[in-house]
Amino acid sequence: MITAKESNVSASSSFSHEQLLDRLGEVAVRVGLNITPGQQLLITAPLDAAPLVRRVTEHAYKAGASLVTTLYADDETTLARFIHAPDDAFDVAPTWLADGMARAFREGAARMAITGANPTLLKGQDPERISRANRANSKANRPAMEIITQFAVNWNIVACATPAWAAQVFPELPADDALTALWDGIFKASRVDVADPVAEWKAHNARLHARAKYMNDSRFDALHFSGPGTDLMVGLADGHLWAGGSEKSGNGIVCNPNIPTEEIFTTPHRSKVDGRVSSTKPLFHQGTLIDNIAVRFENGRIVEATASQGEDVLKRILSTDEGAARIGEVALVPHSSPISASKILYRNTLFDENASSHIALGQAYTKCMVDIEGLTPEELLERGVNASLIHIDWMIGSDKIDLDGLKNGNRVPLMRAGEWVQA
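As recorded by an unreviewed UniProt entry, the protein chain carries the name Aminopeptidase and is attributed to Gluconobacter sphaericus NBRC 12467.

Have a look at this one:
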């Protein structure tokens, strides 16, 4: 039997793999980043993503980029550290590199992250070492990440299929077929398998903008999620703003931070979250599967947390800092989203979060706030904006979850069985 890879044609498209890869590179640059003439671009990517990096680089230069710099990561060398490095090495991070990236963003460089690493790379490694390494990296990268969370520059995340990732998503398939199937999923979710991907993204962004406008016009005080294992009240931050799809960054460039994306999202109030909530999909974090998460909030903070698998890692995440046990984002995604409809569990947050409504532990996006220019970190906290070294999304929506908006004591149905009530 001839596989899709051998025939060089996507299993679900009339375009060849090379054509689709080039389209993904073009969409990443023209829709994701909207690179402007003279702008530099900093890319981070796994080694296996080199073919996609080349397409992105070519389209970036065609769009007028002055310099494209790529920093590659290698799963094997990452794993070697955890196997062979001395114990005190896990409190060390390349601050010099993080400082350089922050400087690049301050000077106007665009940011692209290409995701595709093995989601279970560190399975079986010491969770304490993983936690320490993550904490050290988060501290080192905080200056750069603050620029990103403030949406000060145009940035984008896009995905590349890799053999190790594909084997995790499609373990029942031969290696070549698994890789083809994962690429097909990425191309479809990224909307590059249509006649005019750029036009399709324009229409999709318009739909997301209309949904965000409805929520902004409604000015709800809180959201109420209800369903099996979930009875959660999420108060919204003072001056919160809903966003979704393409947005104007602080440097004036309109970009799509995530490709794919199906969500609208905003900033919850860090002290006004109460009740219980259960995860509806597994969370894959630094090589560990965390499944069947169930937590209870009091005054914004998680006071009880369990998981059927990976509970020790979950509790380490929650202890990262004071803000790690609070949420910095709430996002709404209909159950009928294309990624949910695909029935694929990608084991990658970029995709799985766009299959389901979700919340994020940790750092809030200050871009989802109004009238905050010049506020100190303490004043942002008073407005309800959470601060943390982490930002970890996990899924709480499904076709069994209802959602209501609350305002001045009145309740408005927003979602029923995971679908929008308003057309």
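Per the secondary structure count, the protein chain includes 13 helices and 20 strands. Across its three principal directions, the C-alpha atoms of the protein chain cover 60 × 55 × 45 Å. Taking all 423 residues of the protein chain together, the buried fraction comes to 55%. Contacts in the protein chain between residues at least 24 apart in sequence constitute 75% of all its contacts with a sequence separation of at least 6. Of the roughly 17,800 Å² of accessible surface on the protein chain, 53% is carried by carbon and sulfur atoms. Measuring between centres, the 41 positive side-chain charges of the protein chain sit 3 Å from its 52 negative side-chain charges.

Counting residues in hydrophobic clusters, the biggest one holds 48 residues, and the most contacted among them are Leu 41 and Ile 114. Within the residue set of this core, elements represented by two or more residues are helix 2 (17-33), strand 1 (40-46), helix 3 (50-62), strand 3 (110-115), strand 4 (155-159), helix 7 (163-169), helix 8 (175-189) and helix 12 (349-352). Residue contacts for Leu 41: discarding those within four places in its chain leaves Leu 33, Ile 35, Val 56, Ala 60, Leu 67, Val 68, Thr 69, Ala 110, Arg 111 and Met 112. The next biggest cluster of nonpolar side chains, apart from the first, holds 41 residues, and it includes Met 215, Ile 293, Leu 318 and Leu 332.

The next thing to look at is the pattern of salt bridges. Inspection of the entire model under this criterion finds 23 salt bridges. Residue Glu 311 pairs with Lys 315 through a salt bridge whose shortest N-O separation is 3.0 Å. Placement of both Glu 311 and Lys 315 in helix 10 (residues 311-318) is noted, with a separation of 4 residues, approximately one turn of the helix. Three or more residues joined by partner-sharing salt bridges are found here, namely Asp 87, Asp 91, Arg 129 and Arg 132.

An order of 2-1-3-4 is seen for the 4 strands of this open sheet, with the pairing classed as parallel. Two strands in the sheet have a free side with no partner beyond their single neighbour: strand 2 (67-73) and strand 4. The sheet shows a mean angle of 15 degrees between the axes of neighbouring strands, direction not considered. Bridge count between strand 3 and strand 4: 5 bridges; the pairing is parallel. Following the sheet pairing, Arg 111 is matched in strand 4 by Trp 155.

Where strand 5 (residues 222-227) meets strand 18 (residues 402-407), 5 bridges bridge the pair, whose relative direction is antiparallel. Bridging from a neighbouring strand, Ala 222 pairs with Leu 406 of strand 18. Bridge count between strand 18 and strand 19 (residues 410-416): 5 bridges; the pairing is antiparallel. Looking across to strand 19, one finds that Leu 406 is bridged to Arg 411. From the end of strand 18 to the start of strand 19, which pair antiparallel, there are 2 residues, and Asn 408 there has a positive phi angle of about 50 degrees.

Okay, the pairing of strand 17 (residues 391-395) next. Where burial is concerned, most of strand 17 is hidden: 4 out of the 5 residues are buried. Relative to strand 17, strand 16 (residues 358-362) runs antiparallel, the two being bridged by 5 bridges. Note on strand 17: the bridge partner recorded for His 358 is Met 395.

Before going further, it helps to spend a moment on helix 2. The end-to-end C-alpha distance of helix 2, which contains 17 residues, comes to 23 Å, matching closely the 24 Å that a straight helix rising 1.5 Å per residue would cover. At Val 27, helix 2 shows its strongest bend, of approximately 30 degrees. All of the buried residues along helix 2 are Leu 20, Leu 21, Arg 23, Leu 24, Gly 25, Val 27, Ala 28, Val 29, Val 31, Gly 32 and Leu 33. Positioned one or two residues after helix 2, Asn 34 has a phi angle of 55 degrees, which is positive.

Turning next to the confidence of the model for the protein chain. On average, the protein chain scores 93 in pLDDT, and the residues at 70 or more come to 97%. Within the model, pLDDT remains below 50 along residues 1-9, and this stretch shows 16 contacts once partners closer than five positions in the same chain are excluded.

Quick look at the packing of helix 6 (residues 127-149) against helix 10 now. Axis angle and axis distance: for two packed helices, these are the angle between their axes and the distance between the axes, and together they describe the pair. One can describe the packing of helix 6 onto helix 10 by two numbers: an axis separation of 10 Å at closest approach and a directional angle of 30 degrees. With respect to each other, helix 6 and helix 10 are oriented roughly parallel. Handedness of the crossing formed by helix 6 with helix 10: right-handed. Seen from helix 6, the contacting residues are Pro 127, Glu 128 and Ser 131; seen from helix 10, they are Asp 312, Val 313 and Arg 316. Of the residues in the contact of helix 6 with helix 10, the class split is 2 nonpolar, 1 polar and 3 charged.

Our focus in this paragraph is the packing of aromatic side chains. Following the criterion strictly, the structure yields 5 aromatic pairs and no others. Between the aromatic rings of Trp 183 and Phe 187, the centroid separation amounts to 5.0 Å while the plane-to-plane angle is 20 degrees, which identifies the pairing as stacked. Of this pair, Trp 183 and Phe 187 both sit in helix 8, separated by 4 residues, roughly a single helical turn. We note that Trp 183, like Phe 187, is buried.

Here helix 9 (residues 197-218) spans 32 Å end to end across 22 residues, near enough to the 32 Å set by a 1.5 Å rise per residue. Considered for burial, the residues of helix 9 that qualify are Pro 197, Trp 201, His 204, Asn 205, Leu 208, Arg 211, Ala 212, Met 215, Asn 216 and Ser 218. The arc that holds every buried residue of helix 9, seen down its axis, measures 165 degrees, which confines them to one face. Residues of helix 9 that are exposed and point over 90 degrees away from its buried face: Lys 202, Lys 213 and Asp 217. At the C-terminal side of helix 9, Arg 219 shows a positive phi close to 50 degrees.

What counts, and where the lines are drawn
- Each chain has its residues counted from 1, following the order in which its sequence is written.
- At least 70 in pLDDT is required for a residue's local features to be given in this predicted model, at least 80 for side-chain atom pairs to be given and counted, and no such filter applies to totals for whole chains, interfaces and linings, which use all residues.
- As a rule here, side-chain values cover all heavy atoms of the structure and leave hydrogens and water aside.
- Secondary structure elements follow DSSP: runs of H or I of four or more residues count as helices, runs of E of two or more count as strands, with numbering from the N terminus.
- Accessible area is worked out with a 1.4 Å probe on protein chains only. A residue is then buried under 20% of its type maximum, exposed over 50%, and partly exposed in between.
- Contacts are residue-level and defined by heavy atoms, with any inter-residue pair within 4.5 Å sufficient.
- All accessible areas in this document rest on Shrake-Rupley with a 1.4 Å probe, and a residue is counted as covered only by the protein chains that are shown.
- Counted as positive: Lys and Arg. Counted as negative: Asp and Glu. His and the chain ends are not counted at all.
- By convention, charge coordinates are those of NZ in Lys, CZ in Arg, CG in Asp, or CD in Glu.
- Each nonpolar core is a collection of buried residues, namely Ala, Val, Leu, Ile, Met, Phe, Trp, Tyr and Cys, held together in the definition by side-chain atoms within 4.5 Å.
- For salt bridges, the criterion is a side-chain nitrogen of Lys or Arg within 4 Å of an Asp or Glu carboxyl oxygen.
- Here, a strand pair is defined by DSSP locating no fewer than two bridges between the strands.
- A fitted line through C-alpha atoms represents every axis, and for helices the fit uses only the stretch in contact; the resulting angles, taken between N-to-C directions, go from 0 to 180 degrees.
- Helices are assigned an expected span. That span is 1.5 Å times one less than the residue count.
- Bend at a residue means the angle formed by two fitted axes: the first through the 7 residues ending at that position, the second through the 7 residues beginning there.
- pLDDT measures the predictor's confidence residue by residue and takes values from 0 up to 100.
- We call two directions roughly parallel when the angle between them is under 35 degrees, roughly antiparallel when it is over 145, roughly perpendicular when it lies between 65 and 115, and oblique otherwise.
- Less than a right angle of anticlockwise turn of the near helix away from the far helix marks a crossing as left-handed, whereas a clockwise turn marks it as right-handed.
- Lys, Arg, Asp and Glu make up the charged group, whereas Ala, Val, Leu, Ile, Met, Phe, Trp, Tyr, Cys and Pro make up the nonpolar group; the residues left over, Gly among them, are polar.
- Classification of ring pairs rests on two measures: the distance between centres of Phe, Tyr or Trp rings, Trp counted by its six-membered ring, which must be within 6.5 Å, and the angle between planes, read as stacked under 30 degrees, edge-to-face over 60 and tilted in between.
- The directions considered for the arc are those from the helix axis to the C-beta atoms.

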